[in-house]
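Residues per chain, in single letters:
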Amino acid sequence: MPMLNTKFLYPSLRAGMTGSLSSSSVISRLLVNADPFNYDPENLLSLRDCYTEKCVMNNYFGIGLDAKITLDFNNKRDEHPEKCRSRTKNMMWYGVLGTKELLHRTYKNLEQRVLLECDGRPIPLPSLQGIAVLNIPSYAGGTNFWGGTKEDDTFTAPSFDDKILEVVAVFGSMQMAVSRVINLQHHRIAQCRTVKITILGDEGVPVQVDGEAWIQPPGYIRIIHKNRTQTLTRDRAFENTLKSWEDKQKCEFPRQPAQHALQPETVSEEEASQINQFGQAAGALIHSIREIAKSHPSMEQELAHAVNASSKSMDVVYANSKSTGGLNSSVVVQMVSNVKALHSETELLLAGKMCMQLDPPQKEQLSATLGTVAQQLRRLADLPWLCHLIEPTDDEGNLTDFSKRSRSAKFRLVPKFKKDKNNKNKETCATLSLPVDQWGTEEVAAWLDLICLTEYKEIFIGHDVRGSELLHLERRDLKDLGVTKVGHMKRILQGIRDLSRNSSASEA
């Protein structure tokens, strides 16, 4: 039987007790040696045929408060369908009904009316108003009710395809409302594969499955895995990459490169050998970018369009070189153009925001491959029909620069200050070359400049925050320093984690 990661305040609770526990005590201490409710695995297996399948739960199940609110909303929608025709109106009605339950507290003693078992083990319940069983990280219109997406010392990371259910306590409608903006964790009960809920007494209790609610009469409810099915999920990182690529395509000028020299129809064997060396250097650069992107997703978002275009054109050149007619010069021009663009964008990224994020070995590897590609580009400039592409004239260079300025990709710098910003980033990287624990207040201020949080420089300097203190800052420390915006707080904490990781890698 898999280990049940469930925490409680009082390990001395026994079967049948319905003691009132505070809402913050559900995962305060690990429950050990809890008495079972006469649990017998063989008896449970023999009762399998006594259950009737009521419905299939794909996302989540709720009993008590949240089901009562859902049932009231469904009744309201049936009575007045014209008042529930938009998402905004629906959320408003949920807020009204939740406020009503905040006053009435219809199921304030639900722990006296239900019994909970997870993987066959009885769970003593605190004073609560509802229980929710989650199969996905999202709940009730997008809320992360579990309170996080990462693994910790007690629980594994929630997932929709691991056959594991997350069980949480519902203490009140205010808690459900606050969980939409804050990741609460004090209401976690357990992670398990099977859930059994016993409804006691003579009255039914409202339950809901994926937003469909009804009154469930006294009896047993058992939730087990049935099967798997193909589903679609949203990949926001891919969407950002696709949007960045589309924006760049819209701003590109559909022009053909000027023909300063007569372009041959096919290339000679000597030229083909030189182009082959250039392709190997470009392949090494693409391989380095893909390896670094595994640990730095932001690089993937920035360079995905250029990497894909270069890889595709290189495949075309490789396939064309195998033909009997020889290597076509037009496909070579397209490949050189794409690889040159990839080289330029990678250099800008390395000189900018990726300077402090990459580990020293990654930075050295990427710089080396960039140097090799630049060397091969200079060699190709000796070919008359490629010279104009690699070393454009003044008019073409100005047009190319204007095209780059017109792009509106994610994290693009303001064109007017792009050159100054890149120079400033290079100076900042040189300033921050010391180990983090040797930084003074000036280096910490320069680091805040690098992550675009200049407004906190004076505060950090006034509190004498140096590198050694910076590495140990936590969320409560940032609040004491006056950092109240959630986005700024997360950016600083992520930057501190990157600094710690880079420092550890340098020591190794």
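Please read all numbers here as calculations on a predicted model, not as lab measurements.

Calculation criteria
Residues numbered from 1 in each chain as written. Predicted model: local features only at pLDDT ≥ 70, side-chain atom pairs only at ≥ 80, totals over all residues. Heavy atoms only, no water. Helix = DSSP H or I, 4+ residues; strand = E, 2+ residues; numbered from the N terminus. Buried < 20%, exposed > 50% of the residue type's maximum accessible area, 1.4 Å probe, protein only. Contact = heavy atoms within 4.5 Å. Areas by Shrake-Rupley, 256 points an atom, 1.4 Å probe, with all protein chains shown as cover. Pairing = 2+ DSSP bridges. Phe/Tyr/Trp six-rings, centres within 6.5 Å; stacked < 30°, edge-to-face > 60°. Lys NZ or Arg CZ within 6 Å of the ring centre and 35° of its normal. Patch = residues over 30% accessible without salt bridge, like charges linked within 9 Å, V, L, I, M, F, W, Y side chains within 5 Å. Salt bridge = Lys/Arg side-chain N within 4 Å of Asp/Glu carboxyl O. Lys, Arg positive; Asp, Glu negative; His and termini not counted. Charge placed at Lys NZ, Arg CZ, Asp CG, Glu CD. Axes fitted to C-alpha atoms, helices over the stretch in contact; angles between N-to-C directions. Core = buried A, V, L, I, M, F, W, Y, C linked by side-chain atoms within 4.5 Å.

(A) Local environment of the overall build of the protein chain. When its secondary structure is counted, the protein chain shows 17 helices and 10 strands. By residue count, 42% of the 508 residues in the protein chain fall in the buried class. Once local pairs closer than 6 in sequence are excluded, the contacts in the protein chain between residues at least 24 apart make up 71%. Carbon and sulfur atoms provide 51% of the accessible area of the protein chain, an area that totals close to 28400 Å².

(B) Representation of the pairing of strand 7 (residues 195-199) within the structure. Counting buried residues in strand 7 gives 5 out of 5 residues, a clear majority hidden from the surface. In strand 7, alternate side chains face the same way, and those of Val195, Ile197 and Ile199 on one face and Lys196 and Thr198 on the other are all buried. Examined bridge by bridge, strand 2 (residues 114-118) and strand 7 share 5 bridges and lie antiparallel to one another. Bridging across to strand 7, Glu117 finds its partner in Lys196.

(C) A look at the pairing of strand 6 (residues 188-192). Among the 5 residues in strand 6, 5 count as buried, and that is most of the element. In terms of strand pairing, strand 5 (residues 165-170) meets strand 6 through 4 bridges, oriented antiparallel. Bridged to Glu166 within strand 6 is Gln191.

(D) Up close: the packing of aromatic side chains. One pass over the full model with this rule turns up 1 aromatic pair. Its end group placed over the ring of Trp214, Lys54 keeps NZ or CZ at 5.3 Å from the ring centre. Taking NZ or CZ as reference, Arg222 lies 5.6 Å from the ring centre of Tyr51, over its face.

(E) A look at a positive patch on the surface. Together, Lys150, Arg475, Lys479, Lys490 and Arg497 make up a region of like positive charge exposed at the surface. Following the sequence through the fold, Arg497 ends up in helix 17 (residues 486-507). Classification of Arg497 by relative accessible area gives partly exposed; the value is 44%.

(F) Region of interest: the sheet that holds strand 10 (residues 219-223). The 4 strands lie next to each other as 3-2-7-10, forming an open sheet whose pairing is antiparallel. Single-partner strands in this sheet number two, and they are strand 3 (121-123) and strand 10. Going across the sheet, the axis of each strand differs from the next one's by a mean of 25°, ignoring polarity.

(G) Up close: the nonpolar core. Val336, Leu366 and Leu386 are the most contacted members of the largest nonpolar core, which totals 37 residues. Elements represented by at least two residues in this core include exactly helix 6 (269-293), helix 7 (297-321), helix 8 (329-351), helix 9 (360-380) and helix 10 (384-390). The element contributing the most residues to this core is helix 8, with 9 residues. The contacts of Leu366, once residues within four sequence positions are left out, are Leu285, Ser288, Ile289, Ile292, Met299, Thr346, Leu350 and Leu358. Counting 28 residues, the second largest nonpolar core, distinct from the first, contains Phe61, Tyr107, Val195 and Val207.

(H) Structural context of a nonpolar patch on the surface. Residues Phe238, Leu242 and Trp245 make up a contiguous nonpolar surface patch of about 310 Å² in total accessible area. With respect to the element layout, Trp245 can be found in helix 5 (residues 236-251). Classification of Trp245 as partly exposed rests on a relative accessible area of 38%.

Honestly, that's just the spatial picture; any functional story needs more than this.
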